[in-house]
Amino acid sequence: MPVLAAPAAAWRRVDRLGVLIALVACLGAALPFALFRANRIVPGEGLAIASALPSPEAALLGLAVLAFLAAAALRVPPAVKLAAGAGLLALACVLVGRSAGFLTPPGNGFARVAPGSGFWTLGFAALLLAADALVRLRLPPLARVTVLALALALLGLLLWSGAWDGLSLLKEYGTRAERFWAEGRRHVALAFGSVAAACLVGLPLGLLCHRIKPLRAGLLSVLNILQTVPSIALFGLLIGPLAWVAANVPGARALGISGIGAAPAFVALVGYSLLPIVSNTVVGLAGVSRSVVEAARGMGMRRGQRLFRVELPLAAPVILTGIRIVLVQNIGIATVAALIGGGGFGVFVFQGVGQTAMDLVLLGAAPTVLLAFAAAVLLDAAVEALSGSNFREAAR
Amino acid sequence: MIRVETLSKRYGEAPPVVDDLSMEVAAGEICAVVGTSGSGKTTLLRMINRLVEPSAGRVLIAGEDTRNLRGHELRRRIGYVIQGHGLFPHWSVADNIGTVPRLLRWKRAAIDARVDELLALFGMEPATYRDRRPAELSGGQQQRVGVARALAARPDVLLMDEPFGALDPVIRGRAQDELAAVQARLGTTVVLVTHDMEEAVRLGHRIAVMDAGRLLQCATPAEMMARPATPFVEALVGGAERPFRLLSLDRVEAAVEPGEADGPPIDAGANLREALSACLWSGRDALPVERNGQRIGRVTLAALRRRAAPEAGTPAP
């Protein structure tokens, strides 16, 4: 039936997920590309690509969107899709900076230009296509980390070059650069420090649960309950006990322990981290083949040698997966710490919400998302590299 | 070499898993311990290297009480092979084989040399296999690496717990022959636990039959088939299978006689069971026998029939 076969073949050349992404990109091209506001808190006026950019740039972006639509919707090699996604994203990022210079009247220090919903939607579509292409390329762990490093380097270049300096986000940053980095350091210290502390407590606890079976059910359910307490509530609940400790335990105050501030935030984050770390340690150790542990004993390995040379290395991918979950989770939850004076990027989020200044919210949210994403990619790569080295299949 | 004296293992009030068991394994001998599951044979094995501590009795190796050493030190001196090999999946073949020498703090060069020597002994090209992971090996190769690992520190005693259980029949036969050859060459004393009577007859110089924690009989395969101590042993050595097992114990060269025969020859190194099979299959009454390509005589169906019956003077059970 050649008549029917021909459209079927054409249909097979169409990438269904790609079509969906292309539709999203179409929507993005139609929505306002940039947002112009007379000052930082009034609602803005959305401008489409044609009016937000000088005509040559607008035409360039239009062509890029068309090329992107074709690359997304058709069955082309993943490398082409990756190039289309990354290319459109880069171009949109550069041009949104250009539109700031184009739209801001000369000498006006109050006017704000922000990326509009069209930019975000286009960027989302481009990221989606690039991410899908990266998954299809099945890059080895090291290559994925390299791609991440490259993307971060490009972002850094964009910021450093001053291409975005006209955007409202960077104007917000410009007035509080010092504070930004201070809160950034505190955010990183809270998120990574709490995960490190949770590992110090959680790994031995997991090991104990593995060795002493009756302990397992009890401890895990306690941690489970802890995990279900909402983060703001937990931060609040800790204010009382820690204030008491600060007042009554000599030296506690000198260590920085107090009812509000970083201490209760830190303690709460450690509490949240314990369940995934302990349970993944238990599951990881339980997953080590019995015959392997038995062989290790039969060879004359002592308890510690068995643990460090055999059981922990074999459980490492599962344990690391737990740490990855916790790290990404804590980078996010650490934002809430600002509510009780714990600092971190959340400071800008809550200030921005209070002032209805969305750019300020973004100044807190964007680096948080970026940090969490980078941590996830790095640890995923580490997990895969580890489990790959444990169970590398024959390449004969 | 190994002397087990009134050894018992009890868990709580339950009947003992191993009950007042005494036996001896001579140096350089393979002793196959056979029994149904739950007979206590694995527990017996694990008490020899003290993976399980005896409730009563003692084990002497080369005259020395095993309790004089700490458990892990004792185990470093005794080779141990378990079912499904238990190789460390995150280590290379070389690291796996070098496990015990590393624990004993041998020099790096000595370990490397030993690894290559063992790989060569088991017919695996060292340069090819040294750096592979266990997952990159076939089942038979994994099993060989498991045995090589157990032999790495040149132990005088090798304990094997169903070492061939996970292999398919063809590979298992080859692995058994290989073990017999390596054992004959090194003179290692081997205690091998199995539930497969065929395997016990094939490998064991002596067979120990266990049931419900007790040793029923410990004897050479021929003796055990001719004079089983109890009905249980008789059932285990297998009524109907017995003549064939008896034949499988001897090589063709033991039954060769002068004379001529027609048809394709059989090798002098093959066992009598294979000779019988060849006779039946080709419908001949005699087979020519060859050694290194030279005719040395023939083996007749009549001779095979004589050898398949219990020894002269033994009343048929």
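What counts as what
Residues numbered from 1 in each chain as written. Chains lettered and ligands numbered in written order. Predicted model: local features only at pLDDT ≥ 70, side-chain atom pairs only at ≥ 80, totals over all residues. Helix = DSSP H or I, 4+ residues; strand = E, 2+ residues; numbered from the N terminus. Buried ≥ 20, exposed ≤ 12 C-beta atoms within 10 Å, placed from the backbone. Contact = placed C-beta atoms within 7 Å. Pairing = 2+ DSSP bridges. Axes fitted to C-alpha atoms, helices over the stretch in contact; angles between N-to-C directions. Parallel < 35°, antiparallel > 145°, perpendicular 65-115°, else oblique. Left-handed = near helix turned anticlockwise from the far one by under 90°. Nonpolar A, V, L, I, M, F, W, Y, C, P; charged D, E, K, R; others polar. Domains from an automatic or database assignment.

1. Examining the overall build of chain B
Then, in step 1: A count of helical and extended segments in chain B gives 14 helices and 13 strands.
Then, in step 2: In terms of overall dimensions, chain B has a C-alpha envelope of 60 × 55 × 30 Å along the principal axes.
Then, in step 3: Put simply, chain B has 317 residues, and 42% of those count as buried.
Then, in step 4: Of the contacts made within chain B by residues no fewer than 6 positions apart, 64% connect residues no fewer than 24 positions apart.

2. Some details on the sheet that holds strand S3 (residues 112-115) of chain A
Residue and element names in this part refer to chain A.
Then, in step 1: Across the sheet, which stays open at both edges, the three strands sit in the order S2-S1-S3 with antiparallel pairing between neighbours. Edge positions in the sheet fall to strand S2 (45-47) and S3, since each has one partner strand and no second. Ignoring strand direction, the axes of neighbouring strands in this sheet form an average angle of 30°.

3. Overview of the packing of helix H4 (residues 55-73) of chain A against helix H5 (residues 78-103) of chain A
Residue and element names in this part refer to chain A.
Then, in step 1: In contact at an axis separation of 9 Å, H4 and H5 are set at 160° when each is read in the N-to-C sense. On the basis of their axis angle, the class for H4 and H5 is roughly antiparallel. Of the two elements, H4 crosses H5, and the hand of that crossing is left-handed. Where H4 abuts H5, its residues Glu57, Leu61, Ala64, Val65, Ala67, Phe68, Ala71 and Ala72 lie against Val80, Lys81, Ala84, Gly87, Leu88, Leu91, Leu95 and Arg98.
Then, in step 2: For the contact of H4 with H5, a count of residues per class yields 12 nonpolar, one polar and three charged.

4. Regarding the interface of chain A and chain B
Quite often, the size of an interface is put as the accessible area lost when its parts meet.
Then, in step 1: Between chain A and chain B, the residue contacts involve 19 residues of the former and 19 residues of the latter.
Then, in step 2: Listing elements by their share of the side of chain A that touches chain B, those giving two or more residues are helix H13 (290-298), helix H14 (303-333) and helix H16 (358-390) of chain A.
Then, in step 3: Ranked by residues supplied to the side of chain A that touches chain B, first place goes to H13 of chain A with six residues.
Then, in step 4: A breakdown of the residues in the side of chain A that touches chain B according to their chemical character gives nine nonpolar, five polar and five charged.

5. Comments concerning the pairing of strand S6 (residues 78-82) of chain B
Then, in step 1: Most of S6 of chain B is tucked away, with five of its five residues classed as buried.
Then, in step 2: Side chains of S6 of chain B alternate between two faces, with Ile78, Tyr80 and Ile82 of chain B and Gly79 and Val81 of chain B buried alike.

6. A word on the domain arrangement of chain A
Residues and elements named next belong to chain A.
Then, in step 1: By the assigned domains, chain A splits into domain 1 (2-167) and domain 2 (177-390).
Then, in step 2: Where the side of domain 1 that touches domain 2 is concerned, the elements lending two or more residues are S3 and helix H7 (141-161).
Then, in step 3: Among the elements that take part in the side of domain 1 that touches domain 2, H7 stands out by supplying five residues, more than any other.
Then, in step 4: Per-class residue counts for the side of domain 1 that touches domain 2 are six nonpolar, no polar and three charged.

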